[in-house]
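Per-entry structural report
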There are 2 protein chains.
Amino acid sequence: MEALETRELRYFMAVAEELHFGRAAERLGMAQPPLSRAIQQLERRLGVRLLERNRRGVSLTGAGEVLLHEGRAALDAATAAARRTRRAGGADSPGGSRNRLVLAVKAAASHELLQKLLEAYAAEPDAAEIEVLPSGMCEQGEMLRDGRADVALMHAPFNTLAGFDSEELLTEGQIAILPARHPLAARKTLTLAEVGDVPDLPLARWSRHGAYPPGPGPEIHDQTQLAQLIALGRTVAVFPDSARAWLWAEHTAVPLTDAPPVVTYIAWPAHSRSLALAGLIRTATRL
Amino acid sequence: MEALETRELRYFMAVAEELHFGRAAERLGMAQPPLSRAIQQLERRLGVRLLERNRRGVSLTGAGEVLLHEGRAALDAATAAARRTRRAGGADSPGGSRNRLVLAVKAAASHELLQKLLEAYAAEPDAAEIEVLPSGMCEQGEMLRDGRADVALMHAPFNTLAGFDSEELLTEGQIAILPARHPLAARKTLTLAEVGDVPDLPLARWSRHGAYPPGPGPEIHDQTQLAQLIALGRTVAVFPDSARAWLWAEHTAVPLTDAPPVVTYIAWPAHSRSLALAGLIRTATRL
DNA sequence: TCCTGTCATACCCGGTAGGTATCACGGAGG
DNA sequence: CCTCCGTGATACCTACCGGGTATGACAGGA
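Computed from a predicted model, the values in this text were never measured in an experiment.

Let's talk about the interface of chain B and chain A
Taken residue by residue, the interface counts 42 residues in chain B and 42 residues in chain A. Counting residues per element, the side of chain B that touches chain A draws most heavily on helix H4 (residues 62–90) of chain B, at 20 residues. Partitioning the side of chain B that touches chain A into residue classes produces 18 nonpolar, 14 polar and 10 charged.

What about the pairing of strand S7 (residues 174–179) of chain A?
All names here are of chain A. For S7, a buried count of 5 out of 6 residues is recorded, marking the element as mostly surrounded by other parts of the structure. Bridge count between S7 and strand S10 (residues 237–240): 4 bridges; the pairing is antiparallel. The residue of S10 that forms the bridge with Ala176 is Val238. Bridge count for S7 against strand S11 (residues 251–255) is 5 bridges, and the pairing is antiparallel. Paired with Ile177 across the two strands is Ala253, which belongs to S11.

A word on the protein's contact with DNA strand D
Taken together, 17 residues lie around DNA strand D, and Met30, Ala31 and Arg55 of chain A together with Pro33 and Ser36 of chain B are the ones closest in. Put simply, the parts of the chain that give the surface near DNA strand D at least two residues each are helix H3 (32–46) of chain A together with helix H2 (21–28) and helix H3 (32–46) of chain B. Its residues assigned to classes, the surface near DNA strand D shows 8 nonpolar, 6 polar and 3 charged.

Brief notes about the sheet that holds strand S4 (residues 130–135) of chain B
Residue and element names in this part refer to chain B. In spatial order, the strands read S4-S3-S5-S12-S6; together these 5 strands make up an open sheet with mixed pairing. Each edge of the open sheet is held by one strand with a lone partner, namely S4 and strand S6 (164–172). If you compare each strand with its neighbour and ignore which way they point, the axes differ by 25° on average. Where strand S3 (residues 101–106) and strand S5 (residues 151–156) come together, 3 bridges link them in parallel fashion. Across the sheet, Leu103 pairs through a bridge with Val151, a residue of S5. Lying over the sheet, helix H9 (residues 275–286) contacts S3, S5, S6 and strand S12 (262–269), oriented at roughly 25° with respect to S6.

What to know about the protein's contact with DNA strand C
Close contacts around DNA strand C come from 19 residues, with Pro33 and Ser36 of chain A together with Met30, Ala31 and Pro33 of chain B the closest. For the surface near DNA strand C, the secondary structure elements donating two or more residues are helix H2 (21–28) and H3 of chain A together with H3 of chain B.

Overview of the packing of helix H1 (residues 6–18) of chain A against helix H4 (residues 62–90) of chain A
All names here are of chain A. Contact geometry for H1 and H4: axes closest at 9 Å, N-to-C directions at 130°. Judged by the inter-axis angle, H1 sits oblique to H4. In this structure, H1 crosses over H4, and the sense of that crossing is left-handed. Touching Thr6, Leu9, Arg10, Phe12, Met13 and Ala16 of H1 are Gly64, Leu67, Leu68, Gly71, Arg72, Ala74, Leu75 and Ala78, all from H4.

Thoughts on the relation of the copies chain B and chain A
The transformation that overlays chain B on chain A combines an axial shift of 0.0 Å with a rotation of 180°, and the residual RMSD is 0.3 Å. The operation mapping one copy onto its partner corresponds to a two-fold rotation axis. Across chain B, the smallest distance between a C-alpha and the rotation axis is recorded for Gly163 of chain B, namely 2.2 Å. Most of the interface of chain B is mirrored in chain A, where 100% of its interface residues are also at the interface.

Basis of the calculations
- Residues numbered from 1 in each chain as written.
- Chains lettered and ligands numbered in written order.
- Predicted model: local features only at pLDDT ≥ 70, side-chain atom pairs only at ≥ 80, totals over all residues.
- Contact = placed C-beta atoms within 7 Å.
- Helix = DSSP H or I, 4+ residues; strand = E, 2+ residues; numbered from the N terminus.
- Nonpolar A, V, L, I, M, F, W, Y, C, P; charged D, E, K, R; others polar.
- Buried ≥ 20, exposed ≤ 12 C-beta atoms within 10 Å, placed from the backbone.
- Pairing = 2+ DSSP bridges.
- Near = placed C-beta within 6 Å.
- Axes fitted to C-alpha atoms, helices over the stretch in contact; angles between N-to-C directions.
- Parallel < 35°, antiparallel > 145°, perpendicular 65-115°, else oblique.
- Left-handed = near helix turned anticlockwise from the far one by under 90°.
- Least-squares fit on C-alpha atoms with pLDDT ≥ 70 in both.

The structure is reproduced here in structure tokens:
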């Protein structure tokens, strides 16, 4: 029952994702033959066939799929351990954990809440230093898992809280942000169906991991682009109430009656035991 | 940013737990000098001091404590990956995940619920084989984390659900189980304070990881022992309602008015994606 | 049929994990 | 005060194995 070195996991993940030994080896910065050998060794040690080598390429067996998922979690846990240990050691006063906390927040998210949280926590007597780490749209979970962050502000239903401990902080409705001169901007309320079905205002498509979902709308990757496109009368967007804070004069916000409420949570890895984190959570839930 | 091999983690965990290089090396089945060297290398690679070598022994730095916690999680994830992959490969039909599910249940827990669950699930059209793994009092969480189990029946407030996904199955009150001939057995209801404060019936102490909590009561490690001691008029126990199923003639159950309700959950690792598991959960929530 | 793309095999080399012997040093005891 | 344990660190050696290059086996497509 030997224990599956992380090197082997990295190798397998590369092959399982590329489904091609040559490309996987290139990605790993090594030659193909030792990679083949390493995977064979891994299969022998596990006593399990992980890859089906057919003519023209490679495919995963059932066991391979399991290892792909479980191995990702294990690798994340290992790199998280390394990162958090490094951080803890950086400015370490002996015995205590008086270190910095890294807080991941969605880049374009509620400033007021974050502001209030940071101010309230800084006023605490034993406050640690908080580093705010801007994250992409949905990657706060990854950041918690792989140790880039210690705690995050997450937003249901966009993020999934699976695997984390969390506390609810705030619930808000959603609004449609329209060009002020568009006919629909005169409405008092709208529905999701109405907003999604305006021929001259296709919904914008956000960049996710470098790719864009299919659809007619313009491709954007930050909020300023979006604001501009709305101001130009080219698109419409759906946001939580707190987005009113950054509206331009050319924008109009109309409440959506049937959009699911957006709930903001503070979330952290379930096994965390840090005092600084506990203090931050206590502060957050008291807001 | 190299990635912290599990071998290094195992070594560090051993030293951090023993706080003694010699004993740690013995536990690892190796000599002491290479272990010292490996730890030094680890500290160099992380750029962090993990252990404080004082005269007369070793102690953990703050960073060392962090690595002790995070490393435990990472090692568990790695062994879980190995175990689940092995299981998936055992009787693997290509492509599907038609494998066995391992269900961890507290040994002395509600039979009826488990029985109903297993029967209902077996009647499903695409049911996988379920292996029931009896676990100790509180270790279902560990079993899920290190891959010995895929899914577990857990009981709040005894188990902690932190880090798992779960669904609530059943809520029950608690009862005191007394010797039938004891004066208190005549009562219609009792309180926790009354039960905990009977001089001639001290509460039994369960074995936890081989050790016993301090107190006056008898030391026990299984439910039969407990049943016998109660029948003999030597102790009293507090159990969920469903424990009535195994009462003896010499026992009397009295409801407790102020005991917290016991909630049974079905819980599984948050990142699980198995079809078989999804089916089991669906069956369980329909009961 | 040959060529091309793919993964496996054969073989070699160097780094390093592990072993043994020994050192450095602090504490307890005579 | 000196000595002797017990501790972790150092020095040095060996052998394994992780990685490289060259090449083979084999299937498809022109």
